[in-house]
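Breakdown of the fold
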Amino acid sequence: MPSITTRAFLSAIAGAASVAAHGHVKNIVVNGLSYQGFDINTFPYMQNPPVVAGWTASNTDNGFVGPESFAAADIICHRDSANAKGHAIVKAGDKVLIQWDTWPESHKGPVIDYLANCGAAGCETVDRTSLNFFKIDEVGLIDGSAAPGKWGSDQLIANNNAWLVEIPPTLAAGFYVLRHEVIALHSAGQTNGAQNYPQCFNLQVAGGGSLAPAGVKGQALYKAADPGILVNIYQTLTSYAIPGPALISGAVKIAQASSAITASATAITGSASAVAVATGTSAVAVATSTKAAATSTLATSTKAAATSAAA
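So, a few notes on the structure that sits alongside this text. (Residues numbered from 1 in each chain as written. Predicted model: local features only at pLDDT ≥ 70, side-chain atom pairs only at ≥ 80, totals over all residues. Heavy atoms only, no water.)

**Re the overall build of the chain**
Counting its regular elements, the chain contains five helices and 13 strands. For the chain, with 311 residues in total, the buried portion stands at 46%. Accessible surface, the chain as shown: approximately 14,000 Å² in total, 58% of it carbon and sulfur. (Helix = DSSP H or I, 4+ residues; strand = E, 2+ residues; numbered from the N terminus. Buried < 20%, exposed > 50% of the residue type's maximum accessible area, 1.4 Å probe, protein only. Areas by Shrake-Rupley, 256 points an atom, 1.4 Å probe, with all protein chains shown as cover.)

And the structure:
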């Protein structure tokens, strides 16, 4: 029989492995362009990390936010989160693929997506506690006939640890925070046992219409005693109340699918990308075209000058 010390060591190893397996979002993909998220494995240790579209956070342990913190700012975009310094380019009606590095099969629960309008100044400086989130996507219990059931998290895993969400086609143009979240319910049968894993990205949305839902403050999305938060999934469930406000009327239900990456995109800062967004191209593509045009012009000018000199 293992000694107490040995058992404690093995328990610690198992706990560490469990924490390491939780996962985080690596990147998002829009129309083939991949925008990097906040890399918790390297960015916190860099003096000058790159500008990305994903919000920073202190969850270097791949940890979670518990129900005891639902009224605190940590629930908004994860622990000690801070604004991303750039944003990704999308159009209303675009689909966004949210790519996790991994997700444990044991951590079953709903997958939920929200948006919050940052105002004309953009999301790079907005006060996170002032954001009002409205729900655009949710998948909870899919089949509860055999405990612990099949959940949105199982769909995420089956889709190569990725989740596809559509930006509402009638959404008003502007700057938004996309709040993507998985809620793990494997310990939710006890008070404060649920585990929330929120991840945030900055978006600039073009096109669309006039849809501008009111939303709810992040600190008011959930309560510890909500039936979808305090729930025992190790029993047969015929229904499940997905936490948070109801879906907005403009939300679009889509089937989960992959989204091929054709190029990497650099997060955009400020609002200089408005022309690129309006034409449905990325700022990266615009920059590439501009560079190509400049190179072509330079080559033509050089050739012309050489010809003139020879004459």
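Here the narrative resumes, following the displayed structure.
**Description of the state of the cysteines**
A complete count under the given rule lists two disulfides for this structure. Here C77 engages in a disulfide with C200; their sulfurs sit 2.0 Å apart. As the torsion about the S-S bond is roughly -85 degrees, the C77-C200 disulfide counts as left-handed. Placement of the pair is C77 in helix α2 (residues 74-77) and C200 in strand β11 (residues 195-206), with a sequence separation of 123 residues. Across the disulfide, C118 is cross-linked to C123 (sulfur-sulfur distance 2.0 Å). Judged by the torsion about the S-S bond (100 degrees), the C118/C123 disulfide is right-handed. Residue classification places C118 among the buried positions, given a relative accessible area of 11%. (Disulfide = S-S within 2.5 Å.)

**Re the nonpolar core**
Counting 38 residues, the largest nonpolar core has V96, L115 and L203 as the members making the most contacts within it. Those residues in contact with V96, other than ones at most four positions away along the chain, are I28, V29, V30, V90, W163, L164, V165, I167 and L178. (Core = buried A, V, L, I, M, F, W, Y, C linked by side-chain atoms within 4.5 Å. Contact = heavy atoms within 4.5 Å.)

**Brief notes about the pairing of strand β6 (residues 132-139)**
For β6, a buried count of six out of eight residues is recorded, marking the element as mostly surrounded by other parts of the structure. Alignment of strand β5 (residues 111-117) against β6, held across six bridges, turns out to be antiparallel. Bridge pairing links Y114 to K135 in β6. For β6 and strand β12 (residues 216-217), the ladder comprises two bridges, and the chain directions are antiparallel. By the bridge assignment, N132 is partnered in β12 with K217. (Pairing = 2+ DSSP bridges.)

**Description of the environment of V139**
Topologically, V139 is positioned in strand β6. Of the residues examined, V139 reaches a relative accessible area of 9% and is grouped as buried. V139 sits 26 residues away from D113 along the chain, and the two C-alpha atoms are 9.4 Å apart. Beyond its immediate stretch of four places on either side in the chain, V139 contacts P110, V111, G152, Q155, W163, I242 and K253.

**Digging into the pairing of strand β10 (residues 174-184)**
For β10, the tally of buried residues reaches 11 of 11 residues, placing the bulk of the element in the interior. Burial along β10 is two-sided: the face carrying G174, Y176, L178, H180, V182 and A184 and the face carrying F175, V177, R179, E181 and I183 are both buried. Two strands pair when backbone bridges link them, and β5 and β10 are joined in this way by seven bridges, in the antiparallel orientation. Bridge assignment links L115 to a residue of β10, and that residue is L178. Both β10 and β11 contribute to a ladder of 11 bridges, which runs antiparallel. Its bridge partner lying in β11, Y176 is registered against L203.

Worth remembering: the numbers are spatial, not functional.
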